[in-house]
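A closer look at the structure
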Amino acid sequence: MLESQLILDTVRNFSKNKIEPLSEKIDREDWYPRNLVREMGSIGILNPLYQGLDLYTAMLILEEIAKVSGSVALIQDAQTELVTEPIRKFSKVDVNALSSGEKIGSFGLSEPCCGSDTSSMKTKAVKKNEWIITGEKMWITQGLYADLYLVAAKVDNKINAFLVNRDPCISVSKIEVMGNRGTGTANVKFEECKGEHIGGWEVIKYALNIGRVAISAISIGLAEGAIEEALEWGNSRIVFGKKVLEHQGNLWKVSDSISKILMLKSFLKYVCENMNDYLISSLKLQSSRISQEIVDQSLQIMGGMGYAKGSKIERIYRDIRLTRIGEGSDEVQLHIISKNINKIF
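This section reports on the structure supplied with the text. (Residues numbered from 1 in each chain as written. Predicted model: local features only at pLDDT ≥ 70, side-chain atom pairs only at ≥ 80, totals over all residues. Heavy atoms only, no water.)

Another aspect to go through is helix H7 (residues 248-273). When the terminal C-alpha atoms of H7 are compared, their 38 Å separation across 26 residues agrees well with the 38 Å that a helix rising 1.5 Å per residue should span. Within H7, the full set of buried residues consists of Asn250, Val254, Ser257, Ile261, Leu264, Leu268, Val271 and Cys272. (Helix = DSSP H or I, 4+ residues; strand = E, 2+ residues; numbered from the N terminus. Expected span 1.5 Å × (residues − 1). Buried < 20%, exposed > 50% of the residue type's maximum accessible area, 1.4 Å probe, protein only.)

Here you go:
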């Protein structure tokens with residue numbers, strides 16, 4: 001417990017001193033913080049799992065980062081949960097360069113034709129003398145800057161996982177997004193690229209499962225960041241002769257939000273210790289939905305100031321929306337839960 005607290009204190013200090021000062025620039029300029037990724041790697045918080053920490057502690061680290069920057073938290077998620085950890089678990093490829101931030105990784109699953117409908121995937125892998133990958137991926141975090149891509153491709157109509165190194169056979173184009181800017185979101189085309197086969201659907205599923213837990217932690221962190229700013233504003237702004245948070249209605253909004261955060265944090269811990277499909281989907285579904293509600297309530301407390309560019313909540317309001325879409329939409333999570341009803345009840 002003491003060790004975990006010391007680690008989280010280190011992360012909290014790094015987030016406040018190194019990440020938060022860059023957060024507005026990352027968002028405003030759609031600027032990818034390449035050197036910051038290396039710094040995170042150098043102190044072991046880019047991939048805490050590689051450093052031997054348990055999943056729950058790793059998620060608490062991600063939560064702390066999300067409090068100050070949803071974009072940097074998403075970069076960490078893409079680099080670690082979606083790329084490095086699946087590679088480490090299912091192959092013998094050395095992941096030190098990815099864990100240290102010397103190399104950037106990207107996860108290629110969604111396609112222009114069929115985001116959530118992976119069964120309709122068109123990217124294919126053909127074995128000649130080597131595996132050759134051809135296809136197109138969309139909404140790919142870090143796709144603009146990746147040195148290595150973990151790519152889902154069909155072999156005889158079954159989804160497999162391949163590693164593809166940056167090469168002239170790959171072309172990328174930027175996608176402008178509403179929130180989580182500065183993450184290098186891209187459309188990525190593979191034209192007869194050489195790939196290394198590392199496994200089947202189990203690799204992709206593992207990436208999605210820990211990725212969904214990570215998105216849940218990011219949701220919670222974003223909501224906490226919103227509450228923090230609302231509290232600061234509400235304790236300094238005077239309306240009708242008293243502070244905003246001295247009005248009972250506003251104070252109850254914050255109290256309701258805090259109770260929900262505490263519930264989500266408990267559920268996050270439980271899922272990290274009891275990983276299965278329906279628990280992971282339930283966590284992602286509720287953490288993203290409830291966190292979005294909390295962010296909305298926090299913005300309401302701040303009024304026009306929360307709606308204005310330059311406030312943290314304005315940025316969080318845009319960032320939080322992705323959590324109900326990325327790494328499996330609400331509808332996908334409901335579908336997974338529905339398939340497990342007989343196991344639950």
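Our focus in this paragraph is the pairing of strand E2 (residues 124-127). Pairing of E2 with strand E3 (residues 131-140) involves four bridges; the strand directions are antiparallel. Note that in E3 the partner of Val126 across the bridge is Ile132. (Pairing = 2+ DSSP bridges.)

Bringing the side chain of Gln76 into the picture now. Relative to the assigned elements, Gln76 resides in helix H4 (residues 70-90). A distance of 3.2 Å separates a polar atom in the side chain of Gln76 from the backbone oxygen of Ile45. In this structure, Gln76 is in contact with Met40, Ile45, Leu46, Pro48, Leu62 and Glu81, ignoring residues within four places of it in sequence. (Polar contact = N/O pair within 3.5 Å; in protein donor to acceptor, adjacent residues only side chain to side chain. Contact = heavy atoms within 4.5 Å.)

Looking now at the packing of aromatic side chains. A full pass over the atoms with the stated rule returns four aromatic pairs. On the numbers, 5.7 Å between centres and 75° between planes, the contact of Phe90 with Tyr206 is edge-to-face. Of this pair, Phe90 sits in helix H4 while Tyr206 is found in helix H6 (residues 201-234), placing the two residues 116 residues apart along the sequence. Between Tyr149 and Phe190, the aromatic rings sit 5.6 Å apart at their centres with planes inclined by 90°, giving edge-to-face as the arrangement. Highlighted residues: Tyr149 in strand E4 (residues 148-155) and Phe190 in strand E7 (residues 186-199), separated in sequence by 41 residues. Take Phe190: its relative accessible area is 1%, and that puts it in the buried class. Positioned above the aromatic ring of Trp31 is the side chain of Lys25, whose terminal nitrogen or guanidinium carbon lies 4.9 Å from the ring centre. (Phe/Tyr/Trp six-rings, centres within 6.5 Å; stacked < 30°, edge-to-face > 60°. Lys NZ or Arg CZ within 6 Å of the ring centre and 35° of its normal.)

Moving on, we get to the packing of H6 against helix H8 (residues 277-302). Two quantities define a packed helix pair, namely the angle between the helix axes and the distance between the axes. As a packed pair, H6 and H8 sit with axes 8 Å apart at the nearest point and diverge in direction by 20°. Accordingly, the angle class assigned to the pair H6 and H8 is roughly parallel. Crossing hand, H6 versus H8: left-handed. The residue makeup of the contact of H6 with H8, split by class, is 15 nonpolar, seven polar and five charged. (Axes fitted to C-alpha atoms, helices over the stretch in contact; angles between N-to-C directions. Parallel < 35°, antiparallel > 145°, perpendicular 65-115°, else oblique. Left-handed = near helix turned anticlockwise from the far one by under 90°. Nonpolar A, V, L, I, M, F, W, Y, C, P; charged D, E, K, R; others polar.)

It is worth stressing that arrangement in space is one thing and function is another; only the former is reported here.
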